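# A closer look at the structure
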Amino acid sequence: QSGVMAGKRGALIVLEGVDKAGKTTQCNKLVQALQQSGQSVEMMRFPDRTTIIGQLISAYLEKKSDLEDHVVHLLFSANRWEMVPSMKKKLEQGTTLVVDRYAFSGAAFTSAKPGFCLDWCKKPDVGLPKPDLVMFLQLSPAQAALRGQFGEERYEIDDFQRTVQQKFDQLMKDPSVNWQEIDASQSIEDVHREITTHSLNTINTAQNLPLGEL
Ligand code: DGP
């Protein structure tokens, strides 16, 4: 090996899925399991509501403010872009990032609104670091309903979530993304085992590959 970048890079691992699929639970469990196996790993989530852009998004989701749909879309994307320098730095330093939602949620949620095409929705995120693995937690609307009522936030409506699911189905046809579908109706532990196996495999293969771009 030569040059300054002798270390192994971390992997960029994303969990996606419709609301109630269990993404946050599984992200937390995955981070714990990877830490216990000796990996350097950090969790992230989008939207990241802690930044100034994130606070605008949060107020919008909580229906405390109204924003034009294109503007909101661009803010969600900007919220990802603002984290790119720190993401790249961590990956280069060998830290694996486990990310709760990413650009795919961006495209799926906005394109589920009337008057938006998937192609336009994907554009602002073109050039973001490409995940080494995107696990899609698959859960039917009927199964999601068994997990209780949706909350009060914007987008937490059955019909809308059905359309979002269809948009994700379209996004998953993109062969340039490493999609892994996970049956999220299994027990928490079974889903966790599957996700951990895929993640460990990805961490091993990603370290020999350059980080891609969406
Ligand atoms: P969460 O914090 O994971 O509950 O996500 C908040 C809500 O925002 C959820 O309904 C999904 C939606 N969402 C996440 N990312 C995006 C995005 O980039 N664009 C749009 N329009 N919605 C998003």
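See the structure above.
Here we summarise the structure given alongside this text. Values in this document were obtained by computation on a predicted structure and should not be read as measured data. (Residues numbered from 1 in each chain as written. Predicted model: local features only at pLDDT ≥ 70, side-chain atom pairs only at ≥ 80, totals over all residues. Heavy atoms only, no water.)

### Remarks on the packing of helix α2 (residues 52–61) against helix α3 (residues 69–81)
What counts, and what does not: Under this scheme, a helix contributes an axis fitted over its contacting stretch, all axes are lines through C-alpha atoms, and angles between N-to-C directions fall in the 0 to 180 degree range. In this description a helix means any DSSP run of H or I spanning at least four residues, a strand means any run of E spanning at least two, and both kinds are numbered starting from the N terminus. Here the word oblique covers every angle except those under 35 degrees (roughly parallel), over 145 (roughly antiparallel) and from 65 to 115 (roughly perpendicular). Left-handed is the label given to a crossing in which the near helix is rotated counterclockwise from the far helix by less than a right angle, and right-handed is the label when the rotation is clockwise. Only heavy atoms matter for contacts: two residues are in contact if any of them lie within 4.5 Å across the pair. Note on residue categories: nonpolar means Ala, Val, Leu, Ile, Met, Phe, Trp, Tyr, Cys or Pro, charged means Asp, Glu, Lys or Arg, and polar means any other residue, Gly included.
Close contact between α2 and α3 brings their axes to 9 Å; oriented N to C, the two are set at 135 degrees. Compared by their axis directions, α2 and α3 come out oblique. α2 and α3 meet at a crossing whose hand is left-handed. Contacts from Ile53, Gly54, Leu56, Ile57, Tyr60 and Leu61 of α2 reach α3 at Asp69, Val72, Leu75, Phe76, Ala78 and Asn79. Partitioning the contact of α2 with α3 into residue classes produces nine nonpolar, two polar and one charged.

### Some remarks on the layout of surface pockets
Put simply, the test is: In this analysis a 1.4 Å probe is tested at points of a 1 Å grid over the protein atoms alone, and where it fits but cannot get out there is a cavity; an open set with protein on both sides within 12 Å along at least five of seven lines is a pocket; lining residues have an atom within 4 Å of a point. Grid points are joined across faces, edges and corners, and a volume is the space filled by probe spheres set on the points.
Approximately 480 Å³ is the volume attributed to the largest pocket. Lining the largest pocket we find 25 residues, and of these Asp19, Pro47, Arg49, Arg101 and Phe109 sit closest to its centre. Within the residue set of the lining of the largest pocket, elements represented by two or more residues are α1 (23–36), α3 and α5 (103–111). With four residues, α5 is the largest single contributor of residues to the lining of the largest pocket. Along the lines of polarity and charge, the residues of the lining of the largest pocket split into nine nonpolar, five polar and eleven charged. Space inside the second largest pocket adds up to approximately 220 Å³. In terms of lining, the second largest pocket is formed by 15 residues, of which the most central are Phe104, Lys122, Val126, Asp174 and Leu214.

### Let's talk about α5
Our working rule: Exposed residues in this analysis have more than 50% of their type's maximum accessible area, buried residues have under 20%, and partly exposed residues fall in between, with area computed by a 1.4 Å probe over protein chains only.
For α5, the tally of buried residues reaches nine of nine residues, placing the bulk of the element in the interior. All of the buried residues along α5 are Ala103, Phe104, Ser105, Gly106, Ala107, Ala108, Phe109, Thr110 and Ser111. Packing partners of the buried residues in α5 comprise β1 (12–17), α3, α6 (118–122), β4 (133–138), α8 (158–171) and β5 (179–183).

### Some points on the site of the ligand
How we decide: The cutoff for a nearby residue is simple: one of its non-hydrogen atoms must lie within 4 Å of the molecule or strand. N or O atoms within 3.5 Å of each other form a polar contact, as long as, within protein, one can give a hydrogen and the other can take it, and as long as residues adjacent in sequence are counted only when both atoms are side-chain atoms.
Taken together, 13 residues are adjacent to the ligand, and Phe76, Arg80, Arg101, Gly106 and Thr110 come closest. At 3.3 Å from an oxygen atom of the ligand is found a side-chain nitrogen or oxygen belonging to Arg45. One of the side-chain nitrogen or oxygen atoms of Thr110 is found 3.1 Å away from a nitrogen atom of the ligand. Of all elements in the fold, only α3 and α5 reach the threshold of two or more residues within the shell around the ligand.

### A short note on the sheet that holds strand β2 (residues 41–45)
The criterion, for reference: By this definition, two strands are paired if DSSP reports at least two bridges between them.
The strand order β2-β3-β1-β4-β5 describes an open sheet built from five strands, whose pairing is parallel. The open sheet has two edge strands with one neighbour each: β2 and β5. The mean inter-strand angle of the sheet, taken between neighbouring strand axes irrespective of direction, is 20 degrees. When β1 meets β4, the two strands line up parallel, connected through five bridges. Looking at β4, one finds that Leu15 is bridged to Met135. Running at roughly 140 degrees to strand β3 (residues 96–100), helix α4 (residues 84–92) makes contact with β1, β2 and β3 of the sheet.

### So, the nonpolar core
Test applied: In these notes, a set of buried Ala, Val, Leu, Ile, Met, Phe, Trp, Tyr and Cys residues joined through side-chain atoms within 4.5 Å is what counts as a nonpolar core.
Within the largest apolar cluster, 38 residues are counted, with the highest numbers of intra-cluster contacts made by Tyr102 and Phe168. Among the elements that make up this core, the one with the highest residue count is α5 (five residues).

### Things to note about empty space enclosed by the protein
In the structure shown here, the tally under the stated rule is one cavity of 30 Å³ or more. Counted as a void, the largest cavity has a volume near 80 Å³. Every residue lining the largest cavity is listed: Val18, Asp19, Leu139, Ser140, Pro141, Ala144, Phe150, Asp158, Gln161, Arg162 and Gln165. Counting residues per element, the lining of the largest cavity draws most heavily on α8, which supplies four residues. Among the residues making up the lining of the largest cavity, the classes are represented as five nonpolar, three polar and three charged.

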